[in-house]
Amino acid sequence: MKALPTAIGRGLRLKLVDWGWSARLLGQLLLGLGACLRRFVLVREQIFYLGNRSLSIIGVSGLFVGFVLALQGYYTLQRYGSAEAVGLLVALSLVRELGPVVAALLFAGRAGTSLTAEIGLMKAGEQLSAMEMMAVDPIKRVLAPRFWAGFIAMPLLAAVFSAVGIVGGYLVAVPLIGVDAGSFWSQMQGGVDVFADVGNGVIKSVVFGVTVSFVALLQGYACKPTPEGVSAATTRTVVMSSLAVLALDFMLTAMMFSI
Amino acid sequence: MAFTDPHPTTPAGPLIEVRDVTCGYADRIILSNVNLSLARGKVLALIGSSGGGKTTLLRLLTRQLRPLSGQVLFDGQDLAPMNQDQLYAQRRRMGMLFQFGALFTDLSVFENVAFPLREHTQLSESMIRDLVLMKLNAVGLRGARDLMPNEISGGMARRVALARAIALDPDLVLYDEPFAGLDPISLGVTARLIRDLNDALGLTSVIVTHDLHETFAIADHVVMVANGGVVAQGTPDELRASQDPLVHQFVNAQSDGPVRFHQPAPPVRADFGLPESEEVA
């Protein structure tokens, strides 16, 4: 009779320990900002690995998302005789929603997994223990620069995604379909607000960058130092950070609508 | 904050002292009531069968693990109550060689050895270069400075790790299975290197190992760890001459003795479903 409550209590306790541990790691990563600013070169290197190396997938995906948005947007808008508004539709969709979200999902798959695997393998190879034995805190030296690099790289990647997507939308709408170029751009210029639209998109992408980097680092740092452990952690990184991005996106959008 | 000299000028007393240490988890004690002390300048070998608690003891000395009770003193100071800064101050005085080297795979041999110097000192680039090359020269790998860790053999990787461990001129160097998986030449080279560096640099060394032949040749003091405690200690000659059956079995590499060949298991008959009458070998 006692078995069930014991199991529930035990499970709950382990979960709480997990959460506490994760929150503590997040705190240490945030506090690592000071060390990162003193040695910004470490962050800069990571921005290169996480950001620049993700540019190709972000750029290509952005282009195709822009193509498709223009086609689908035109299909709907021309029914109401407002095909010129396709530029506005493409820009708003990208800047407010698709740029941050899709870029974050791609970032999780491209950069998050490599972060998890890297940290996990460093742990498996006792490199993190070796660092501790050299009186170097691996959270400050290895994890924090990657975390803050994600914080910086993500909004930039989302911006690139949106910009390339808008170019893609233009290529389909104007030369291909024949929408008037002047109204394509002027509608976009008139309808997109810097703070309400672009600003909110930037806020989203910052939140997603922090989320994805944190999940990836947490999974790598907490993983079992075995081949199975690292592979399971890499999978968890993609699943958890993607779900977190989508859930947070809904919450942020709802909050931004109510303001 | 009171200023404490990290290198006290009066090196009195042992460098390491372990007092009545019990270690493990609430339901599983790994080591109980361990006592040992190590004088400065000596080479201590921790021997014993796998899973007997040697590595645990090594991790206690560096506070990678904390004891459940008892004290681990490094240079007279208890490590257990220290915060991270205090602990790291002590760890700068320790170097550790991990079993497989634990080199940073994204850094070259040179940068691996330079790592602790770059992290802990403000030395100029030319000074770092000289120091790194000196350390690499001490382990015979000055010529391998530009190679990456995946381009060198296991024995070389361990020597690079050794150069890295002594980069900050520590007082204590800990070796976790430094001979595991080495060919006979590298094994002899590594053993000689441990002893020579110990004497030349005025280090104190602790070696966890199974390789008795090499170890007995270079150790001043041998501690045998088994069954959750220290079962014997003394000079290599004293251990060789020991009449204790466990020490005798281990030192003479006999497969059965107080350390059983068989893991405890149900009776053979029951496991194989044999009738009571049948003979079992």
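Because the structure is predicted, anything quoted here is derived from the model rather than measured.

### A look at the overall build of chain A
Link 1 in the chain: Scanning chain A for helices and strands turns up ten helices and zero strands.
Link 2 in the chain: Listing the helices and strands of chain A from first to last along the sequence gives α-α-α-α-α-α-α-α-α-α.
Link 3 in the chain: Its C-alpha atoms give chain A principal-axis dimensions of about 65 × 55 × 35 Å.
Link 4 in the chain: For chain A, contacts bridging at least 24 residues in sequence account for 87% of all contacts bridging at least 6.

### Remarks on the overall build of chain B
Link 1 in the chain: The helix and strand tally for chain B stands at ten helices and ten strands.
Link 2 in the chain: Projected onto its principal axes, the C-alpha positions of chain B cover 80 × 45 × 35 Å.
Link 3 in the chain: Among the 281 residues that make up chain B, the fraction classed as buried is 36%.
Link 4 in the chain: Taking as baseline every contact in chain B between residues at least 6 positions apart, the subset at least 24 positions apart corresponds to 62%.

### Re the interface of chain B and chain A
Link 1 in the chain: Every contact between the two is made by 14 residues of chain B and, on the other side, nine residues of chain A.
Link 2 in the chain: Of all the elements in the fold, those that place two or more residues in the side of chain B that touches chain A are α2 (84-91), β6 (94-97) and α3 (109-120) of chain B.
Link 3 in the chain: A per-element tally of the side of chain B that touches chain A places α3(B) first, with three residues.
Link 4 in the chain: Within the side of chain B that touches chain A, the residues separate by chemical class into seven nonpolar, four polar and three charged.

### Digging into the environment of L71(A)
Residues and elements named next belong to chain A.
Link 1 in the chain: Mapping L71 onto the fold places it in helix α4 (residues 55-77).
Link 2 in the chain: The partly exposed category is assigned to L71, around which 15 C-beta atoms lie within 10 Å.
Link 3 in the chain: Sequence spacing of L71 and V86 is 15 residues, and the spatial spacing of their C-alpha atoms is 8.8 Å.

### A look at the sheet that holds strand β4 (residues 69-74) of chain B
Residue and element names in this part refer to chain B.
Link 1 in the chain: Pairing in this open sheet of four strands is antiparallel, and the strands run β2-β1-β4-β5 from one edge to the other. Edge positions in the open sheet fall to β2 (28-38) and β5 (77-78), since each of these has one partner strand only.
Link 2 in the chain: Examined bridge by bridge, β4 and β5 share two bridges and lie antiparallel to one another. Bridging across to β5, L73 finds its partner in D78.

### Digging into helix α6 (residues 184-201) of chain B
Since the α-helix turns once every 3.6 residues, residues separated by three or four places project in the same direction.
Residues and elements named next belong to chain B.
Link 1 in the chain: For α6, which comprises 18 residues, the first-to-last C-alpha distance of 25 Å matches the rise-based estimate of 26 Å (1.5 Å per residue) to within 8%.
Link 2 in the chain: Of all the residues in α6, the buried ones are T190, A191, L193, I194 and L197. Down the axis of α6, the buried side of the element spans an arc of 155 degrees, and every buried residue falls inside it. Exposed residues pointing more than 90 degrees away from the buried face of α6 are listed as P184, I185, D196, D199 and A200.
Link 3 in the chain: A positive backbone phi angle near 65 degrees is found at G202, which sits one or two residues after α6.

### Quick look at the sheet that holds strand β8 (residues 204-208) of chain B
Residue and element names in this part refer to chain B.
Link 1 in the chain: Pairing within the open sheet is mixed, and its six strands lie in the order β6-β7-β8-β3-β9-β10. Looking at the sheet topology across the chains shown, the edges are occupied by β6 and β10 (229-234). Averaged over all pairs of adjacent strands, the angle between strand axes in this sheet comes to 15 degrees, irrespective of strand direction.
Link 2 in the chain: Taken together, the four bridges between strand β3 (residues 43-47) and strand β9 (residues 221-226) define a ladder with parallel strand orientation.

### As for the pairing of strand β1 (residues 16-25) of chain B
Residue and element names in this part refer to chain B.
Link 1 in the chain: Where β1 and β2 come together, seven bridges link them in antiparallel fashion. Directly across from C23, in β2, lies its bridge partner L31.
Link 2 in the chain: Summarising the sheet, β1 and β4 pair through five bridges and their orientation is antiparallel. Bridge pairing in β4 places E17 opposite L73.

### Overview of unusual backbone geometry
Residues and elements named next belong to chain B.
Link 1 in the chain: Within the chain, N33 stands out as a residue other than glycine whose phi angle is a positive 50 degrees.
Link 2 in the chain: On the secondary structure map, N33 appears in strand β2.
Link 3 in the chain: What makes N33 partly exposed here is the crowd of 14 C-beta atoms within 10 Å.

### A few points about the nonpolar core
Link 1 in the chain: Within the largest apolar cluster, 142 residues are counted, with the highest numbers of intra-cluster contacts made by V86(A), A104(A), L46(B), L174(B) and M224(B).
Link 2 in the chain: When near neighbours in sequence (up to four residues on either side) are disregarded, L46(B) contacts K54(B), L57(B), L58(B), V206(B), I207(B), V208(B), V223(B) and V225(B).

### Here we look at the environment of S49(B)
Link 1 in the chain: Tracing the backbone through its elements, the reader meets S49(B) in the loop between β3 and α1 (54-61).
Link 2 in the chain: In sequence terms S49(B) and G24(B) are 25 residues apart; their C-alpha atoms lie 18 Å from each other.

### Considering the confidence of the model for chain B
Residue and element names in this part refer to chain B.
Link 1 in the chain: For chain B, the average pLDDT comes to 85, and 93% of its residues sit at 70 or higher.
Link 2 in the chain: By mean pLDDT, helix α9 (residues 245-251) is the weakest element of chain B at 81, and α3 is the strongest at 94.
Link 3 in the chain: Here the complex is predicted with pTM 0.86, and the ipTM for its interfaces comes to 0.81.

### Quick look at the packing of α4(A) against helix α5 (residues 86-124) of chain A
Residue and element names in this part refer to chain A.
Link 1 in the chain: Where α4 contacts α5, the axes come no closer than 10 Å and their chain directions differ by 145 degrees. You can see that α4 and α5 cross each other, and the crossing is right-handed. Between α4, through I57, I58, S61, V65, G66, L69, A70, G73, Y74 and L77, and α5, the contact on the second element is made entirely by V86, L89, V90, S93, L98, V102, A103, L106 and R110.
Link 2 in the chain: Tallied by class, the residues present in the contact of α4 with α5 amount to 14 nonpolar, four polar and one charged.

### As for the pairing of β3(B)
All names here are of chain B.
Link 1 in the chain: A large share of β3 lies buried, amounting to five of its five residues.
Link 2 in the chain: Side chains of β3 alternate between two faces, with V43, A45 and I47 and L44 and L46 buried alike.
Link 3 in the chain: Relative to β8, β3 is paired through four bridges, and the arrangement is parallel. Residue pairing across strands places L46 opposite V208, the latter belonging to β8.

### Notes on the environment of S153(B)
Link 1 in the chain: Here S153(B) lies in the loop between α4 (125-138) and α5 (154-165).
Link 2 in the chain: Along the backbone, S153(B) and D196(B) are 43 residues apart, and their C-alpha atoms lie at a distance of 22 Å.

### Let's talk about the packing of α3(B) against α5(B)
Residues and elements named next belong to chain B.
Link 1 in the chain: The interhelical angle for the contact between α3 and α5, taken along N-to-C directions, is 25 degrees, at an axis separation of 8 Å. By the angle between their directions, the pair α3 and α5 is classed as roughly parallel. For the element pair α3 and α5, the recorded crossing hand is right-handed. Together, V109, N112, V113, F115 and P116 of α3 and V160, A163 and R164 of α5 make up the contact between the two elements.
Link 2 in the chain: Looking at the contact of α3 with α5 residue by residue, the class counts come to six nonpolar, one polar and one charged.

Reading the values: rules and limits
Residues numbered from 1 in each chain as written. Chains lettered and ligands numbered in written order. Predicted model: local features only at pLDDT ≥ 70, side-chain atom pairs only at ≥ 80, totals over all residues. Helix = DSSP H or I, 4+ residues; strand = E, 2+ residues; numbered from the N terminus. Contact = placed C-beta atoms within 7 Å. Buried ≥ 20, exposed ≤ 12 C-beta atoms within 10 Å, placed from the backbone. Nonpolar A, V, L, I, M, F, W, Y, C, P; charged D, E, K, R; others polar. Pairing = 2+ DSSP bridges. Expected span 1.5 Å × (residues − 1). Arc of directions from axis to C-beta. Axes fitted to C-alpha atoms, helices over the stretch in contact; angles between N-to-C directions. Core = buried A, V, L, I, M, F, W, Y, C linked by C-beta atoms within 7 Å. pLDDT = per-residue confidence, 0-100. Left-handed = near helix turned anticlockwise from the far one by under 90°. Parallel < 35°, antiparallel > 145°, perpendicular 65-115°, else oblique.

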